[in-house]
Amino acid sequence: MTSPTLLEAPFDTRAALRRSLFIMFLCTLTGAAAQMLIKLGTKQIGAHITLVDVAHHPSLFFRFGLDMIGNPKLFGGYAMYGLNTFLISIALKGRELSRLYPIIALTFVWVTALSIFVLGEHMNFYRAAGVALIVGGVSILGLKAAPRKS
Amino acid sequence: MSTPPSSIFLILLSSFIGSFGAVFLKLGAERMRGLASVVKNYWLALGVALYLASSVFFVMGVAQGELTILYPMVSLGYIWTILWARLFFKEPFTTSKIGGLVMIIGGVALINLGNA
C-alpha cells in the first residue's frame, strides 16, 4: 500500500488513527518544553518592555524581535514550535484539527506542571481550577452533535 | 511575586493579533494555485507577519510575570478564532463551541483571581 493521502482518509484504519493521536500527544509534550525554553530565554533578555514603551519608541518592537532571534533559548523554543507545526500537519492529514482538541488541551496541563517544577512558580486553588476549566472547554470545542461512525 | 497587568494585556493583544494571522493564512491558503501563488500571495505574507508580531508581543508579555497565569490565557485565542470563523467564513456557532467558549472565559477569569 502506498502512503495515505487525503483521498484515502474516509477509509481510515484504526492503526492510522492511533498513530495520529500518538504524534499529537508527543507534540503537546514538545510544545510545553518549547514554552519552558521561551520563558527561560526571556530571563536572559531581561529587558522589561511594556506597550507604553513600544508606543513611545516603536523601534523597541523590532529591537526586541532581533533580541529574540539572537537568544539561543528563544530561537530553540520557536524552532521546536516550527517542528511541532510540521508534525501536526502530518498527523492531521485528512483529519479535522478540532476533533483532536482533547489531546491538544493537554499542553495547558504540561505547561502548568513544568511552571511549578522547573520555574518554581506557586499553585493555588484558583489557578488549578482555572486550568481544569480551560482544558475542559478546549476539549469540547470540536464536539459534533452526532459523531460520525466510520 | 504576582503577574503585572501590563503582561496580561500583552498576552491578550498577542492572542488577538495571532487570531487574525490565522484568518489571513486561511484566506491565503484558499488562493493557493501552484508555487508562484505561494510566493506572490499577500494574504499569506500578511498572515505570517501577524503571527510574527503576535509572538513578539507574547514574549514581551511572558518576560515579566508567571507562566501559570499567562500561558492559560493563550486559550483565549480559540474564542477569537470562533468569532472570526463565524464572521468571515460563515462557520456556524454550535452548542459545543458556545459551551467551550464559556468554560474558557470562566477558566481565564478564575486564573486571574489566583493572581495574588
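Anything mentioned here points back to the structure above.
As the structure is a computational prediction, the values presented were derived from the model and not from experiment. (Residues numbered from 1 in each chain as written. Chains lettered and ligands numbered in written order. Predicted model: local features only at pLDDT ≥ 70, side-chain atom pairs only at ≥ 80, totals over all residues. Heavy atoms only, no water.)

**Let's talk about the overall build of chain B**
Here is step 1: Counting its regular elements, chain B contains six helices and zero strands.
Here is step 2: Counted from the first residue to the last, chain B has its helices and strands arranged as α-α-α-α-α-α.
Here is step 3: Counting every position in chain B, which comprises 116 residues, the buried fraction comes to 50%.
Here is step 4: In chain B, the proportion of contacts linking residues at least 24 apart, taken out of those at least 6 apart, comes to 71%. (Helix = DSSP H or I, 4+ residues; strand = E, 2+ residues; numbered from the N terminus. Buried < 20%, exposed > 50% of the residue type's maximum accessible area, 1.4 Å probe, protein only. Contact = heavy atoms within 4.5 Å.)

**Some words on the overall build of chain A**
Here is step 1: Tallying secondary structure elements over chain A gives seven helices and zero strands in all.
Here is step 2: The order of α-helices and β-strands along chain A, N terminus first, is α-α-α-α-α-α-α.
Here is step 3: Across the 150 residues that make up chain A, the buried fraction comes to 34%.
Here is step 4: Considering only intrachain contacts with a sequence separation of at least 6, the fraction spanning at least 24 residues in chain A is 79%.
Here is step 5: Roughly 9,000 Å² of accessible area belongs to chain A as shown, and the carbon and sulfur atoms make up 71% of that amount. (Areas by Shrake-Rupley, 256 points an atom, 1.4 Å probe, with all protein chains shown as cover.)

**Considerations on the interface of chain B and chain A**
A common way to report how large an interface is uses the accessible area buried once the components associate.
Here is step 1: The interface of chain B with chain A comprises 41 residues on the first partner and 45 residues on the second.
Here is step 2: The interface formed by chain B and chain A contains one salt bridge.
Here is step 3: Here chain B is connected to chain A by nine residue pairs in polar contact (both at pLDDT 80 or more).
Here is step 4: Elements represented by at least two residues in the side of chain B that touches chain A include exactly helix H1 (5-30), helix H3 (42-63), helix H4 (67-70), helix H5 (76-89) and helix H6 (95-113) of chain B.
Here is step 5: Looking at the side of chain B that touches chain A element by element, the count peaks at 13 residues for H6 of chain B.
Here is step 6: When grouped by side-chain class, the residues that make up the side of chain B that touches chain A number 26 nonpolar, 13 polar and two charged. (Salt bridge = Lys/Arg side-chain N within 4 Å of Asp/Glu carboxyl O. Polar contact = N/O pair within 3.5 Å; in protein donor to acceptor, adjacent residues only side chain to side chain. Nonpolar A, V, L, I, M, F, W, Y, C, P; charged D, E, K, R; others polar.)

**A look at H3 of chain B**
Residues and elements named next belong to chain B.
Here is step 1: With 22 residues, H3 extends 32 Å from end C-alpha to end C-alpha; this agrees with the ideal 32 Å at 1.5 Å per step.
Here is step 2: Here H3 starts with a cap whose side-chain oxygen sits 3.2 Å from the backbone nitrogen of Trp43, and that cap is Asn41.
Here is step 3: Phi turns positive, to about 105°, at Gly65, one or two residues after H3. (Expected span 1.5 Å × (residues − 1).)

**Concerning the environment of Trp84 of chain B**
Residues and elements named next belong to chain B.
Here is step 1: Tracing the chain through its elements places Trp84 in helix H5.
Here is step 2: When the C-alpha atoms of Trp84 and Ala22 are compared, they prove to be 9.5 Å apart, with 62 residues separating the residues in sequence.
Here is step 3: With residues near it in sequence (within four places) discarded, Trp84 still touches Phe16, Ser19, Phe20, Val23 and Phe89.

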